[in-house]
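Each chain is listed here by its residues.
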Amino acid sequence: MAISEADVRRVALLARLEVTDEEARSLAEHFGKILEHFHRLQELELSEVDPFSLEGPGTPWRSDEAKPWGGRDEILSEAPRREGDFFVVPRIVEEE
Amino acid sequence: MELWKLPAWKIAEEVRRGNLSASQVVESHIRRMESLEPSLNAMITPMPEEARRRALAVDEALSKGTDLPLAGVPVAVKDLLCTEGIRTTCGSRVLGEWKSPYTASAVRYLEENGAIVIGKTNMDEFAMGSSTEQSAFGATSNPWDLSRVPGGSSGGSAAAVAAGYAPIALGSDTGGSIRQPAALCGVYGLKPTYGLVSRWGLIAYASSLDQVGPFSRDLVDLALVLEVISAYDPLDSTCVPGSRPRYRDALKAHDLKGQRIGFLKGYQDFDMDDEVKEKLAFALRICQEGGAEMMEVSLPVSTGYGLPCYYIVAPAEASSNLARYDGVQYGLSEEGKSILELYLKTRGKGFGNEVKRRILVGTYVLSSGYYDAYYLVAQKVRRLIADEFARAFSAVDALIMPASPTVAFKKGEKLDDPIQMYMSDLFTLPVNLAGLPAVSMNVGYSKAGLPVGVQVVAPKWGEMEILKVASVLTDAVGSPKVAMGGEG
Amino acid sequence: MPLSFTPVIGLEIHVQLATVSKLFCSCSTDYIGQKPNTNVCPVCLGLPGTLPVLNGRAVEFATKTALALNCRVRNRTRFHRKNYFYPDLPKAYQISQYDLPLAVGGYVELTEADGSKRRIGIQRLHLEEDTGKLVHIASDGRLSGALYSLVDYNRAGIPLMEIVSAPDITSPAQAKEYVARLRQLVRYLGVSDGDMESGSLRVDANISVKVSDGRWGKKSEIKNMNSLRAIERALEYEIERQSSMLARGEEVEQETRHWDDAAGVTRSSRSKEEAHDYRYFPEPDLLPLVLEEGFLEEIAESMPELPWEVFKRFEEVYGIEPEDAALLSERRDVAAYFEACVKAGASPDKAANWIKTELFRVMNECKCSADDFPVRPEALTELLRKVEQGDLSATAAKDVFGLMAGQGLRLDEAIKAAGVSVGKVSGGALKDIIDEVLRENAEVIEDIKSGRDKKGKKVKFLQGLVMRRTKGQADPQEVSELLDESLNN
Ligand SMILES: [Zn+2]
């Protein structure tokens, strides 16, 4: 199955990955090959298969207690850009 | 006798008796590491100073009467397990010098029992790879042949144990990342049942497949480490509550009477090295001589479709797990005039080729219009694989399969052909898809002197069973040798 | 034939649950007014290697709400990841529910202005985590022309309950009523403070307009409506906007629009670079959400009487007028206060009157709840009894009530402190006051004496003045007698 460089760019944007022209070409080739492999899965009879079982134990529940976590300064000190107690990002134009 | 040749249980015994100090033990391993590291590059961050400090603390604690079952045991830790105060890189540029303010539970459990972390080991970036060549910190060499790869993605941990940096190491296994390098480096590597070992502090590749597991050169060590790291952890919702058995008890078995051991029907016809086939046959013979009833098992879906299934499920989860590396809170951050530009550049520069490939594939198979054709289908196949194993295990107690279709391959050999590289995990990844436990171990060496391994697989929670089989195999083949002049 | 336009409205409501800790970590949810990035930990910041653990109380709260909304609650559901990049979303995915929400298929019953009932369907109710907050500020502190944005994750991970209505709403008034009922419900249940201004309860509306000629415009999603009034105004504006476009034969575009409350208009949001593709898939870090045997029964047993049930009972059992019943049942604390008064022996009418005037007035001033209001229902009942028995005038009672509420005095202490009791001013003292009033109102006396006060209104006026001057401490009977005496002299 052929995948165009445009397809690669569309997915790369969705994944927020900058790709060079050369990368887009080689990725398109890789994509084509791997999707071929994926298509083999269609040979299997799958109509009766329930993929996501809800059986088994449920996810554990925590009791609702607030426990402050002491290490915020360590975390803030890792920030690439910081102003006071805030992390900083380029200006977001959209509302909300 | 050099201390770095000792198994962990022996070190702990001597240190607890006061015959050795933790500092002596650590010093010996650090020297070993420092002398071989220029040729192996098994470590991303060696931690000699931290280890020395820890050793003093362990000696001090012992002198006060604290009981530490792993007292003074050096351990190498794959660099995707978080260690408070020491950078964790995942073999990537994207995390920069990021230091986690917490320690992975598995590592913490080892430390609480007296083990001493001597460094963070090299790995394929974000555990995506089978050769430890795809690391931002350079490739690791196989200690048995420096021109060859150690396997991956936990290649640094496997090489470190094989070469005697430490008697034990931790790795992670998502599709074979412990078992394949263990086979290629000639050591033990165990992938626990999904949910046995806490994933807290394990930086996720594919959350539904990842498990932390041990490497060792000694089977007692493997069981001992598993006992320690498998403690229930409420911080991981997928970690199964309850007590764990004393895994060392499984090693009392010296025969397999009454055991039914399965092997893949027609395994000779699979595409793998002849020497791997020979050693596999050898291992099967040992089991048979040990009294096991040998049975052919066929796993057509797992062996025929496991690979594409895995390369949909794992990248899909990875695309989501790795989305957080965006340059806002920590790690690499490129300049951007807009947030979009910041994201694109940071992630474009921060990730290597294989990681980008898998993020893109994962994004694609989850995206609108493709989810049903790829992700959903793969999840259904995953279910079939789990069911297929479950059926097989109604007839046999354990399965013996190749751990890798080949012995250690040359560096660069598969780097340009991702799909060839993916084939390395053909026999290991179905085990992750089904959530089963498996141990990979050395059963001999090729004519060229390269280790050859097999893996023993059991139903869920069958760790005792695989250790029993491994124990009988070890009786016959002996414990793994230390690489690079360690035999003498 | 002129065209007619029918709006079709569905509402998505996000309610912050009043748990003390976040949905997947133990950070406090008390974030209003906190220093930025204080209520944070490795989990809600999505640091590498961290994992979520579900807060059971959030499940209880959501389940309780779902049952109250007549939903079908499922015993086994799961969480999904909703993937998108935005700086307020630390993991770049939100843990939410998707194909299997906790609850489906409920309804809210509204009472229309004409008293008729109308059911608004609830399509789904699910749990998810809140995002952080972005602050847009320029380096010189101005909000406009900001050079960069600031990120605060204090809110990230607070449990949200999303309630999605069916597109059953046909007017802005109905939409407002629906939100008011839901807000009332979550407050009754104690699962949220329901405050719209602070964002505890956030409403997005999907609205389209159907034309009588068969055309049906595309829907707009309206955001940023921060009060009940804003919802009503925004929808009115939007209906007008879409209808007039359709009337002109134009196409209504599908888009997201923001309500600008000051300008009274909705504005199109800048379109993003790409369409959303959230790539939902089951959250592998959590097992299925399983409600254990007996859990639903426990929740049902702990269910308080619902506001609409209280309303009905007040009307039927106590014979209260619908408007008063609505006022009294609006808040659970007030309803309980009212009932306690009645139980203590107050007449429902009198108690209702007092509560909706005096109690509400003081509660508004002190911003307190009826639960911890200083004048307990028993004391108020006693006060009302004194008024009824003629021991206190209505005016004096208000002063007494004020002292009880303001200074926390007991009833007898307050009466003493106010210096009020019926009959305290009488005889000579009262006569003096009457003379004083008469001196000041000579022309009124003229009118009365010359027979121009046919209906006795002016006499009543004088009586009123006297009573006021005695601060209600005179016996009205005595005032009337003494006044007659003086006028007839
Ligand atoms: Zn938190």
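Note that the structure is predicted; figures quoted are calculated from it, not measured.

Colleague: Please give an account of the overall build of chain B that cites residues and values.
Modeller: Assigned secondary structure in chain B consists of 15 helices and 11 strands. Here chain B has a C-alpha radius of gyration of 21 Å; the compact-globule value for 488 residues is 23 Å, and the two agree. The dimensions of chain B, computed from C-alpha atoms along their principal axes, are 60 × 50 × 45 Å. Intrachain contacts of chain B at a sequence separation of at least 6 include 76% that bridge at least 24 residues. Roughly 14,100 Å² of accessible area belongs to chain B as shown, and the carbon and sulfur atoms make up 51% of that amount. For chain B, the distance from the average site of its 50 positive side-chain charges to the average site of its 56 negative ones is 1 Å.

Colleague: Please give an account of the packing of helix α8 (residues 348–366) of chain C against helix α10 (residues 394–407) of chain C that cites residues and values.
Modeller: Residue and element names in this part refer to chain C. One can describe the packing of α8 onto α10 by two numbers: an axis separation of 11 Å at closest approach and a directional angle of 40°. On the basis of their axis angle, the class for α8 and α10 is oblique. Here α8 runs over α10; the crossing is right-handed. Touching Trp354, Glu358, Leu359 and Val362 of α8 are Ala397, Lys398, Phe401 and Ala405, all from α10. In terms of residue class, the contact of α8 with α10 is built from six nonpolar, no polar and two charged.

Colleague: So what's going on with the coordination of the zinc ion? Residues and values would help.
Modeller: Residues and elements named next belong to chain C. Distances from the zinc ion to its protein donors, Cys25 (SG), Cys27 (SG), Cys41 (SG) and Cys44 (SG), fall within 2.3 to 2.4 Å. Classification of the site at the zinc ion rests on its four donor atoms, whose angles at the metal span 99 to 116°, yielding the label tetrahedral. Along the chain, the residues donating to the zinc ion fall in the pattern C-x1-C-x13-C-x2-C.

Colleague: Give a description of the layout of surface pockets that names residues and reports values.
Modeller: Considering only enclosed or pocket space, the second largest pocket measures out at about 1,300 Å³ in volume. Along the walls of the second largest pocket sit 44 residues, with Ser53(A), Tyr194(B), Arg382(B), Lys460(B) and Leu287(C) positioned nearest its centre. Mapped onto the lining of the second largest pocket, the elements with two or more residues apiece are α12 (372–395) and α14 (429–433) of chain B together with β16 (281–282) of chain C. Partitioned by chemical class, the residues of the lining of the second largest pocket number 26 nonpolar, 10 polar and eight charged.

Colleague: Go over the interface of chain A and chain C with me, naming the residues and quoting the values.
Modeller: Quite often, the size of an interface is put as the accessible area lost when its parts meet. On the chain C side, the residues contacting the 35 residues of chain A number 60 residues. Together, the buried faces of chain A and chain C total about 4,400 Å²; carbon and sulfur atoms form 59% of this surface. Considering only the surface of chain A that becomes buried against chain C, Leu54(A), Trp61(A) and Arg62(A) emerge as the three largest contributors, covering 18% of it. At the boundary of chain A and chain C, one finds zero salt bridges. Between chain A and chain C we count 23 residue pairs in polar contact (both at pLDDT 80 or more) in total.

Colleague: Please set out the pairing of strand β3 (residues 116–121) of chain B residue by residue, giving values where relevant.
Modeller: Residue and element names in this part refer to chain B. Burial analysis of β3 places six of its six residues in the buried class, which makes it a mostly covered element. One ladder, built from three bridges, connects strand β1 (residues 43–46) with β3; its direction is antiparallel. Paired with Pro46 across the two strands is Gly119, which belongs to β3. As paired strands, strand β2 (residues 74–78) and β3 are joined by five bridges and run parallel to one another. If you follow Val75 over to β3, its bridge partner there is Val117.

Colleague: A description of the interface of chain B and chain A should follow, citing residues and the corresponding values.
Modeller: The partner chain A presents 48 residues to the 59 residues of chain B that form the contact. Here chain B and chain A share an interface that buries about 4,700 Å² over both sides, 70% of which is from carbon and sulfur atoms. The largest share of the area that chain B buries against chain A comes from Tyr305(B), Leu360(B) and Tyr364(B), three residues that together contribute 14% of it. Our count for the contact surface shared by chain B and chain A stands at two salt bridges.

Colleague: Tell me about helix α6 (residues 322–329) of chain C, and please be specific about residues and values.
Modeller: Residues and elements named next belong to chain C. Residues of α6 that are buried include every one of Asp324, Ala325, Leu328 and Ser329, and no others. Down the axis of α6, the sector holding all buried residues measures 120°, keeping them to one side. Check the buried side of α6 and you find it contacts α2 (172–189), α5 (307–318), α7 (332–343) and α8.

Colleague: Got a sec to walk through the nonpolar core? Specific residues and values, please.
Modeller: Among the nonpolar cores identified, the biggest contains 220 residues, and Phe126(B), Tyr165(B), Val381(B), Ile400(B) and Leu473(B) are the most heavily contacted of them. With 11 residues, the single largest contributor to this core is helix α9 (residues 300–321) of chain B. Contact partners of Leu473(B), with chain neighbours within four places excluded, come to Ala283(B), Ile286(B), Cys287(B), Ile400(B), Met441(B), Val454(B) and Val456(B). Counting residues in each nonpolar core, the second largest holds 61 residues, with Leu17(C), Leu110(C), Leu228(C) and Ile299(C) among its members.

Colleague: Any details on the confidence of the model for chain B? Residues and values, ideally.
Modeller: Fine structural detail should not be taken from predicted coordinates in areas where pLDDT scores are low. Summing up the model confidence of chain B, the mean pLDDT is 97 and the portion of residues at 70 or higher is 99%. Both scores are available for the predicted complex, with the pTM at 0.92 and the ipTM at 0.97.

Colleague: Report on the packing of aromatic side chains, specifying residues and quantitative values.
Modeller: Going through the model one piece at a time under the given rule, you end up with 35 aromatic pairs over all chains. An angle of 80° between the planes, with centres 6.4 Å apart, marks the rings of Tyr325(B) and Phe351(B) as edge-to-face. Of this pair, Tyr325(B) sits in the loop between α9 and α10 (339–350) while Phe351(B) sits in the loop between α10 and α11 (353–366); the two residues are 26 residues apart in sequence, bridging distant segments of the chain. Both residues of the pair, Tyr325(B) and Phe351(B), belong to the buried class. Seen from their ring centres, Phe373(C) and Phe401(C) are 6.0 Å apart, and the 20° between their planes marks the pair as stacked. Separated by 28 residues along the polypeptide, Phe373(C) in the loop between α8 and α9 (377–388) and Phe401(C) in helix α10 bring together distant segments of the chain. By relative accessible area, which is 1% here, Phe373(C) ends up buried. Taken together, the ring pairs connect Trp98(B), Tyr102(B), Phe126(B), Trp200(B), Tyr325(B), Tyr330(B) and Phe351(B) into an aromatic cluster. In this structure, Lys414(B) is placed above the aromatic ring of Phe409(B), and the distance from its NZ or CZ to the ring centre is 4.3 Å.

Colleague: I'd love a proper account of a negative patch on the surface, names of residues and values included.
Modeller: Residue and element names in this part refer to chain C. Among the surface-exposed residues, Glu292, Glu293, Glu297, Glu298 and Glu301 lie close enough to one another that they form a single negatively charged patch. Note that Glu292 resides in the loop between β17 (289–290) and α4 (295–301). By relative accessible area, which is 55% here, Glu292 ends up exposed.

Colleague: Outline the state of the cysteines, listing residues and values.
Modeller: All names here are of chain C. Scanning the entire structure with this criterion turns up one disulfide over all chains. Each disulfide pairs two cysteine sulfurs, and for Cys366 the partner residue is Cys368, the sulfurs being separated by 2.1 Å. Just so you know, Cys341 is unpaired, no disulfide at all, and the nearest cysteine sulfur is the one on Cys368, 14 Å from it. Taking the relative accessible area as the measure of exposure, Cys341 reaches 0% and is therefore buried.

Conventions we followed
Along each chain, residues carry numbers from 1 onward, in the same order as the chain's sequence is written. Written order decides the labels, with chains lettered from A and ligands numbered from 1. Note on the predicted model: pLDDT of at least 70 is required for a residue's local features to be given, and 80 or more for side-chain atom pairs to be given and counted; whole-chain, interface and lining totals, by contrast, use all residues. Remark: hydrogens and water are excluded; side-chain values derive from all non-hydrogen atoms of the structure. Counting from the N terminus, the helices are DSSP H or I runs at least four residues long and the strands are E runs at least two residues long. The reference for a compact globule is 2.2 Å times residues^0.38; the radius of gyration itself is calculated from the C-alpha atoms. We call two residues in contact whenever any of their non-hydrogen atoms come within 4.5 Å of each other. Here the open area of atoms and residues is found with the Shrake-Rupley method and a 1.4 Å probe, where only the protein chains shown may cover a residue. Positive charges are assigned to Lys and Arg, negative charges to Asp and Glu, while His and the chain termini are left out of the count. Throughout, a charge is located at the NZ atom of Lys, the CZ atom of Arg, the CG atom of Asp or the CD atom of Glu. Between N-to-C directions, angles span 0 to 180 degrees; the directions come from axes that are lines fitted to C-alpha atoms, helices contributing only their stretch in contact. The cut-offs work like this: below 35 degrees is roughly parallel, past 145 is roughly antiparallel, 65 to 115 is roughly perpendicular, and the gaps in between are oblique. Rotating anticlockwise by less than a right angle from the far helix to the near helix defines a left-handed crossing, while the corresponding clockwise rotation defines a right-handed one. Three classes are used: nonpolar for Ala, Val, Leu, Ile, Met, Phe, Trp, Tyr, Cys and Pro, charged for Asp, Glu, Lys and Arg, and polar for all others, with Gly counted as polar. A donor here means an N, O or S atom no more than 2.8 Å from the metal, or no more than 3.2 Å when the metal is Na, K or Ca. Since water is not included, a site may seem to lack partners. Geometry is assigned from donor-metal-donor angles: four donors are tetrahedral when every angle falls between 85 and 135 degrees, four are square planar and six octahedral when opposite donors sit over 155 degrees apart with all other angles between 65 and 115, and any other arrangement is irregular. A cavity here means a set of points on a 1 Å grid, drawn over the protein atoms and nothing else, where a 1.4 Å probe fits but cannot get out; a pocket is an open set with protein on both sides within 12 Å along at least five of seven lines, and a residue lines either one if it has an atom within 4 Å of a point. Grid points are joined across faces, edges and corners, and a volume is the space filled by probe spheres set on the points. When two components associate, each loses some accessible surface as probed by a 1.4 Å sphere; the sum of these losses over both components is called the buried area. By definition, a salt bridge exists where a carboxyl oxygen of Asp or Glu is found within 4 Å of a side-chain nitrogen of Lys or Arg. Polar contacts, as counted here, are pairs of nitrogen or oxygen atoms within 3.5 Å of one another; within protein the pair requires one atom able to donate a hydrogen and one able to accept it, and residues that are adjacent in sequence qualify only if both atoms are side-chain atoms. Think of it in three bands: with a 1.4 Å probe and only protein chains considered, a residue is buried below 20% of the maximum accessible area for its type, exposed above 50%, and partly exposed in between. Pairing between strands is defined by DSSP: at least two bridges between the two strands are required. This arc corresponds to the set of directions leading from the helix axis out to the C-beta atoms. The nonpolar core is taken to be a set of buried Ala, Val, Leu, Ile, Met, Phe, Trp, Tyr and Cys residues, with the residues joined through side-chain atoms within 4.5 Å. For every residue, the predictor states its confidence as a pLDDT score lying anywhere from 0 to 100. Any Phe, Tyr or Trp ring, taking Trp's six-membered ring, that has another such ring centre within 6.5 Å forms a pair; planes under 30 degrees apart are called stacked, those over 60 apart edge-to-face, and the others tilted. Charge-over-ring contacts are defined here by two conditions on Lys NZ or Arg CZ: a distance within 6 Å of the ring centre and an angle within 35 degrees of the ring normal. What goes into a patch is any residue over 30% in relative accessible area without a salt bridge, connected to like charges within 9 Å or, for nonpolar side chains (Val, Leu, Ile, Met, Phe, Trp, Tyr), within 5 Å. In this description, a disulfide is simply a cysteine sulfur pair whose atoms lie within 2.5 Å.

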